[in-house]
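Summary of the model geometry
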There are 2 protein chains.
Amino acid sequence: MASGKNTGWLTPVELTPPSLEDNTADVDRLLAALEARLGHGVDVPLELMRTIPAELREAAYRVRCVLARDRRRWQLTGIAGVAGGRRLIGAAVDLGTTQVVLRLIDLDTSVTLGEHAFENPQARVGPDILARIHHADSAEGLGEQQALIAEGLNQALASACKQQGIDTSSVALLAVAGNTTMGHLLLGLPPRWIVREPYIPAVNSPGLVSAAELGIRAAEGAAVFTFPNVGSYFGGDLIAGILSAGLDESEEPAVLVDVGTNAEVVLGNRDWLVGCAGAAGPALEAGAAEIGMLAGQGVIDKVWWETASGKLAYRTIGGGRPKGICGSGLIDLAAALFRSGMIDLRGRLVKSACKGRCREVDGERELVLVPAQDSASGEDLVIDERGLTSLKKAKAAMFAILETLTASVGLKPEQVGTFSVGGSFGSVIDPESAITIGMLPDLPRDRFRVLGNSSLEGATRLVQDAGLLERIYAIRDRITYMELNVNEQFMNRFSGAQFFPHTDPERFPSVKTQVV
Amino acid sequence: MASGKNTGWLTPVELTPPSLEDNTADVDRLLAALEARLGHGVDVPLELMRTIPAELREAAYRVRCVLARDRRRWQLTGIAGVAGGRRLIGAAVDLGTTQVVLRLIDLDTSVTLGEHAFENPQARVGPDILARIHHADSAEGLGEQQALIAEGLNQALASACKQQGIDTSSVALLAVAGNTTMGHLLLGLPPRWIVREPYIPAVNSPGLVSAAELGIRAAEGAAVFTFPNVGSYFGGDLIAGILSAGLDESEEPAVLVDVGTNAEVVLGNRDWLVGCAGAAGPALEAGAAEIGMLAGQGVIDKVWWETASGKLAYRTIGGGRPKGICGSGLIDLAAALFRSGMIDLRGRLVKSACKGRCREVDGERELVLVPAQDSASGEDLVIDERGLTSLKKAKAAMFAILETLTASVGLKPEQVGTFSVGGSFGSVIDPESAITIGMLPDLPRDRFRVLGNSSLEGATRLVQDAGLLERIYAIRDRITYMELNVNEQFMNRFSGAQFFPHTDPERFPSVKTQVV
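Every value quoted in this text rests on a predicted model; they were computed, and no experiment measured them.

**Description of the overall build of chain A**
The helix and strand tally for chain A stands at 13 helices and 21 strands. Taking 516 residues into account, the globule formula puts the C-alpha radius of gyration at 24 Å, and chain A, at 25 Å, falls close to it. A total of 516 residues make up chain A; the buried ones form 61% of that total. Of the contacts made within chain A by residues no fewer than 6 positions apart, 66% connect residues no fewer than 24 positions apart. Here chain A carries 49 positive and 62 negative side-chain charges, and the mean point of each set is 4 Å from the other.

As structure tokens, then:
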């Protein structure tokens, strides 16, 4: 493992200018100084070799160097003058299947500058991981998806940089956390064998890769660091989440729950880590509920039951008329419907309790959350029983995974110290709601810590502190991955959890239905 | 320095195929096996990460790996199956200012396969180093020259491969030896400061660079190794020459002389090396003499004086009517003219001795070497006094450099054990002729060893034996470079050598003029 004293990515160097008596070549001169200071070798990409001679002269031989690294090596990925030199910027990227978020960080000050979220443009070729893997079976399909995400990142970089008055040529480093398949598609690696037994990724630790080689327009020599994967179903996004939640430094057993297309759970402490992931379906990520969408301007991210008025209330991001509802809003909504008795244990709408809000279309019941006159589209925003069913399956998967994982190490959920709850659909989950629907166990509320986008947060931390690289690889190496597909106990637990909150209500003593 | 036990570039590896119990990713699996065997890390370029999954499966997990390396790191640059896998080929390249020669070598057997020589296509933008550096002052000019040489190499690779029934996608490694400027232009590095005081190259040890990044079409992941330079006027071609001549392993002091656009001389033994280069002008490389050209079909490469018939005789490469004369032929010609008394001590044509061969055009004398009826063009092949003068300057520079260099370490030329004489214009120099004109010192003839293209030979050796890398860098680090531009003794010696054979004929006792 590459290691050193600096925790930042930037190393300032002052060189003796060349002379007839000291005619060492420019790049060799810079490397000799860096290596003398760091005590180990540094690689220089060709792109930078091409610009270093002019940079050094322009900066009067006093430069700031961006030194990126991975498990194997150190690499110079950017250079600028000390006095009056341009800013040097890093970008943290949460590379989601549905949504991608990019955040700019000043490498000199570690200050977060701006952020830009966008829909993963690969959605054009397939909504989910399986469809994209299938589409990548041909070299053209793989190349197309690689180009799509590179261009998406280019536009996000350009947009975020423009807002901050920075040129994209200042961006010397990108730290990308994504699931294994998204990581493969960004790097143009064939994801074919990820979904075929015995489920083998092309690479788990790709490390530093040239941004230019990926078609990403940034500084000359800029590199992309991809968070390492544990395996096909346990990606770098989760490693970033563990880092951000500090699970690997916890004294008592702690849990990280990440709610997205997959229900991903990690349990562990500073001595051991065990992880597990199961398909939760796209219920919480825009898919199943017809009104579901990613968090954003005009999207409902919070729903609650106003006992006094007997009304369903909601909050829209940025205010204004709602156009849809995001994952956290859906969990709130299901919880509110259940508490108010508008849905029963099985998640079916109870006509009498719903009063005027419930109607039947083509033999299927649906509930009007926002009537046409109040919505952005001028049409009713409704949730139907199909949407409620996929939500129920998603929450059941999450709970069953949690139970199976804790049981696998001989623990009960109540023996877990802290539950960190993250969601990668862009808004924060209310643990109270998640407990009400039986997604999370019914434990004292102070044990729950709400994280936002834990994967983005982990990537951000790395850009702020290069010293975390060692921890990232240590996390990766320490995790034991539990395969669920062949786990019978999991299937039983999954069935038992297909109720609101659970087949066995005594496990959720604090959850009470209040029939309206 | 990367080091290991293998002297070849190829390492065969047999992997345990992945299973549900052992689901390490493909690239990680291969690297773990390589690193366990080699005891150090190996880098994998992205291009290869993309192909390794399919390659491994196709080869049933038994592969031959090309492991290239430079001073800092080891890198996988090619992979093929053990059984029935495609051939893995390396290419040695002598990257001359005027001529480029590419040679294919089988990496499995180290056997030389084929060779292809071509004019450096950068000649289109400028005939010599200075013109090309000037043309590279703009980014477009540099890019244009980079693309020209890359395309030249592509065509040569394609042509040499085709002749051998090999696909260019088998070529996993190129070892390139060229002067500092040619190396810069191939890599797209700005050569601007090479010719500006204090004469600083961009890079002296570029090491391994991606072939694809240079626009060279070869195997996925193929790398180009550029022989390191000592400085602006002492390039990798000379390091390759030293390697090929074995100067760095010689017990007694030995000399390597490389005659080309520059007169380059290295003196040393296994303990020390001192080198020096001076502009010899293009006299021997096609330039000054109007009939001068690179060795090739129909070019005169040997000239001698037939005492019996009193005639100038010559040999044409491949036979047939001559179209011009190359460097070795010019040296022979001058020697023959001097021995026969057709030129005097100053290199002027002696009308009486030349008999019918000499004529005057526009007040300048010229000698007809091949009359119109015998030449390929149907025109007289002539050498004029201007051509003889530049030849004289070139030989004087060489001799003065030799004298200055030996004197600098307190030796006389006669104390040198072996003189290895190489020429980069494609044909071999006859030491007898070179002594006659005073280019080389008048020493027992068994001290002279004639090399062909010593730079190509050095590059070939490296492709045949990866273990030579350590020696190459050791040679580079050990050489003391002597700057001639500011050396007064050199200027005096240069003046003294502007005669055939020398101002002081007693220094050339064996050289006798025989007036015809």
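Okay, back to it.
**What to know about the packing of helix α6 (residues 236-245) of chain B against helix α12 (residues 468-478) of chain B**
All names here are of chain B. Relative to each other, α6 and α12 sit at 120°, their axes nearing to 10 Å. Both α6 and α12 take part in a crossing whose hand is right-handed. Along the contact surface, α6 presents Ile239, Ile242 and Leu243, while α12 presents Leu468, Arg471, Ile472, Ile475 and Arg476. Here the residues of the contact of α6 with α12 are counted per class, giving 6 nonpolar, no polar and 2 charged.

**Some words on the relation of the copies chain B and chain A**
Here chain B sits on chain A after a turn of 179° about the axis and a move of 0.0 Å along it, with an RMSD of 0.2 Å. Taken together, the rotation and translation relating the two chain copies correspond to the operation of a two-fold axis. Comparing interface residues between copies, 100% of those in chain B also lie at the interface in chain A; the contact surface is shared.

**Observations regarding the sheet that holds strand β9 (residues 223-226) of chain A**
Residues and elements named next belong to chain A. The 6 strands are arranged β6-β5-β4-β7-β9-β8 in an open sheet whose pairing can be described as mixed. At either end of the open sheet lies a strand with only one pairing partner, and these are β6 (112-119) and β8 (207-210). Strand-to-strand, the axes of this sheet are offset by a mean angle of 20°, without reference to chain direction. Lying over the sheet, helix α5 (residues 180-187) contacts β4 (89-95), β7 (171-178), β8 and β9, oriented at roughly 125° with respect to β4. Packed onto the sheet, helix α11 (residues 454-464) meets β4, β5 (99-106), β6, β7 and β9 and runs at close to 160° relative to β4.

**Topic: the sheet that holds strand β1 (residues 10-14) of chain A**
All names here are of chain A. The 3 strands lie next to each other as β1-β2-β3, forming an open sheet whose pairing is antiparallel. A single partner strand is all that each edge strand has here, and the edge strands are β1 and β3 (74-81). Taken over all neighbouring pairs, the strand axes of this sheet differ in orientation by 30° on average, direction set aside. Pairing geometry for β1 and strand β2 (residues 62-69), over 5 bridges, is antiparallel. The residue bridging Leu10 from the neighbouring strand is Val66, located in β2.

**Structural notes on the packing of aromatic side chains**
For the structure shown, the criterion picks out 16 aromatic pairs over all chains. On the basis of an interplanar angle of 15° and a centroid distance of 5.9 Å, the ring pair of Phe490(B) and Phe494(B) is categorised as stacked. Of the two residues, Phe490(B) and Phe494(B) both sit in helix α13 (residues 488-496), 4 residues apart, roughly one turn of that helix. Assigned by exposure class, Phe490(B) and Phe494(B) land together as buried. Taken together, the aromatic side chains of Phe225(A), Phe227(A) and Tyr473(A) make up a single cluster linked through ring pairs.

**Structural notes on the pattern of salt bridges**
Residues and elements named next belong to chain B. Tallying each qualifying case throughout the model produces 62 salt bridges over all chains. The salt bridge partner of Glu470 is Arg69, with a shortest N-O separation of 2.7 Å. Linking Glu470 in helix α12 with Arg69 in strand β2 (residues 62-69), this pair joins segments that are 401 residues apart in sequence. Two residues, Arg217 and Glu151, come together in a salt bridge whose shortest N-O distance is 3.3 Å.

**A few points about the interface of chain B and chain A**
Between chain B and chain A, the residue contacts involve 42 residues of the former and 42 residues of the latter. Together chain B and chain A conceal approximately 3,400 Å² of surface at their shared face, both sides included; 62% is due to carbon and sulfur atoms. There are 4 salt bridges connecting chain B and chain A. A salt bridge links Arg72(B) to Glu35(A), with the shortest nitrogen-to-oxygen separation between them at 2.9 Å. Across the contact surface, chain B and chain A share 18 residue pairs in polar contact (both at pLDDT 80 or more). Of all the secondary structure elements, the ones that give two or more residues to the side of chain B that touches chain A are α1 (26-38) and α2 (46-58) of chain B. With 7 residues, the single largest contributor to the side of chain B that touches chain A is α2(B).

**Things to note about helix α11 (residues 454-464) of chain B**
Three or four residues apart is the spacing at which side chains of an α-helix point the same way, because the helix has 3.6 residues per turn. Taken across its 11 residues, α11(B) has 8 buried, putting it largely inside the fold. Turning to α11(B), its buried residues number three or more, namely Ser454(B), Ser455(B), Leu456(B), Gly458(B), Ala459(B), Thr460(B), Leu462(B) and Val463(B).

**Let's talk about helix α6 (residues 236-245) of chain A**
Buried residues dominate α6(A), accounting for 10 of its 10 residues. Among the residues trailing α6(A), Gly246(A) stands out with phi positive, at a value near 70°.

**A few points about the confidence of the model for chain A**
All names here are of chain A. Confidence in the prediction of chain A, expressed as mean pLDDT, is 91, and 94% of residues score 70 or more. Contacts of residues 1-6 to residues separated by more than four positions or lying in other chains number 18 contacts, the stretch itself having pLDDT below 50. Across the whole predicted complex the pTM is 0.91, and at the interface the ipTM reaches 0.91.

**Focus on the environment of Gly207(B)**
All names here are of chain B. Along the chain, the position of Gly207 falls in strand β8 (residues 207-210). Put simply, Gly207 and Ile194 are 13 residues apart on the chain and 19 Å apart in space, counted from C-alpha to C-alpha. Those residues within four positions of Gly207 in sequence are excluded, and the remaining contacts are Asp70, Val224, Phe225, Thr226 and Tyr473.

**Concerning the pairing of strand β16 (residues 358-361) of chain B**
Residue and element names in this part refer to chain B. Pairing analysis gives 4 bridges linking β16 to strand β17 (residues 364-370), with the strands arranged antiparallel. Within the sheet, the bridge partner assigned to Cys358 lies in β17 and is Leu367. Taken together, β16 and the strand that follows it, β17, pair antiparallel across an intervening segment of 2 residues, in which Asp362 is found at a positive phi of about 50°.

**Considering the environment of Gly143(A)**
In this fold, Gly143(A) is placed in helix α4 (residues 139-163). Separated by 266 residues in sequence, Gly143(A) and Val409(A) place their C-alpha atoms 42 Å apart.

**Re unusual backbone geometry**
A cis amide bond links Glu197(B) with the next residue in sequence, Pro198(B), at an omega value of 0°. Positive phi is not limited to glycine here, since Ser110(A) has a value of about 65°. Within the secondary structure, Ser110(A) sits in the loop between β5 and β6. Within the chain, Asp362(A) stands out as a residue other than glycine whose phi angle is a positive 50°. Note that Asp362(A) resides in the loop between β16 (358-361) and β17 (364-370).

**Here's the deal with the packing of α4(A) against α5(A)**
All names here are of chain A. Between α4 and α5, the shortest axis-to-axis distance is 7 Å and the interhelical angle comes to 90°. One way to sum up the angle between α4 and α5 is to call them roughly perpendicular. Along its contact with α4, which presents Leu142, Gln145, Gln146, Ile149 and Leu153, the element α5 presents Leu185, Leu186 and Leu187. Across the contact of α4 with α5, the residue classes tally to 6 nonpolar, 2 polar and no charged.

**A look at the side chain of Asn269(B)**
Mapped onto the elements, Asn269(B) comes out in the loop between β11 (262-268) and β12 (273-279). The contact partners of Asn269(B), leaving out residues within four places of it in the chain, are Leu247(B), Asp248(B), Ser250(B), Glu251(B), Glu252(B), Pro253(B) and Arg478(B).

**Concerning the pairing of β5(A)**
Residue and element names in this part refer to chain A. The element β5 is largely enclosed, with a buried count of 8 among its 8 residues. In β5, alternate side chains face the same way, and those of Gln99, Val101, Arg103 and Ile105 on one face and Val100, Leu102, Leu104 and Asp106 on the other are all buried. Taken together, the 7 bridges between β4 and β5 define a ladder with antiparallel strand orientation. Across the sheet, residue Ala92 finds its bridge partner in β5, namely Arg103. Hairpin geometry of β4 and β5 is characterised by an intervening segment of 3 residues between the two adjacent antiparallel strands. By the bridge criterion, 6 bridges tie β5 to β6 in an arrangement that is antiparallel. In the sheet register, Leu102 faces β6, and the bridge partner there is His116.

**A closer look at the environment of Arg192(B)**
Residues and elements named next belong to chain B. As for its placement among the helices and strands, Arg192 is situated in the loop between α5 (180-187) and β8. Once the C-alpha coordinates of Arg192 and Leu214 are considered, the two residues, 22 residues apart in sequence, prove to be 19 Å apart. Apart from residues lying up to four places away in sequence, Arg192 is in contact with Ile133 and Asp137. Within polar-contact distance, the side chain of Arg192 engages the side chain of Asp137 at 3.2 Å.

About the criteria used
Residues numbered from 1 in each chain as written. Chains lettered and ligands numbered in written order. Predicted model: local features only at pLDDT ≥ 70, side-chain atom pairs only at ≥ 80, totals over all residues. Heavy atoms only, no water. Helix = DSSP H or I, 4+ residues; strand = E, 2+ residues; numbered from the N terminus. Rg over C-alpha atoms; globule rule 2.2 N^0.38 Å. Buried < 20%, exposed > 50% of the residue type's maximum accessible area, 1.4 Å probe, protein only. Contact = heavy atoms within 4.5 Å. Lys, Arg positive; Asp, Glu negative; His and termini not counted. Charge placed at Lys NZ, Arg CZ, Asp CG, Glu CD. Axes fitted to C-alpha atoms, helices over the stretch in contact; angles between N-to-C directions. Left-handed = near helix turned anticlockwise from the far one by under 90°. Nonpolar A, V, L, I, M, F, W, Y, C, P; charged D, E, K, R; others polar. Least-squares fit on C-alpha atoms with pLDDT ≥ 70 in both. Pairing = 2+ DSSP bridges. Phe/Tyr/Trp six-rings, centres within 6.5 Å; stacked < 30°, edge-to-face > 60°. Salt bridge = Lys/Arg side-chain N within 4 Å of Asp/Glu carboxyl O. Buried area = accessible area lost by both parts, 1.4 Å probe. Polar contact = N/O pair within 3.5 Å; in protein donor to acceptor, adjacent residues only side chain to side chain. pLDDT = per-residue confidence, 0-100. Parallel < 35°, antiparallel > 145°, perpendicular 65-115°, else oblique.

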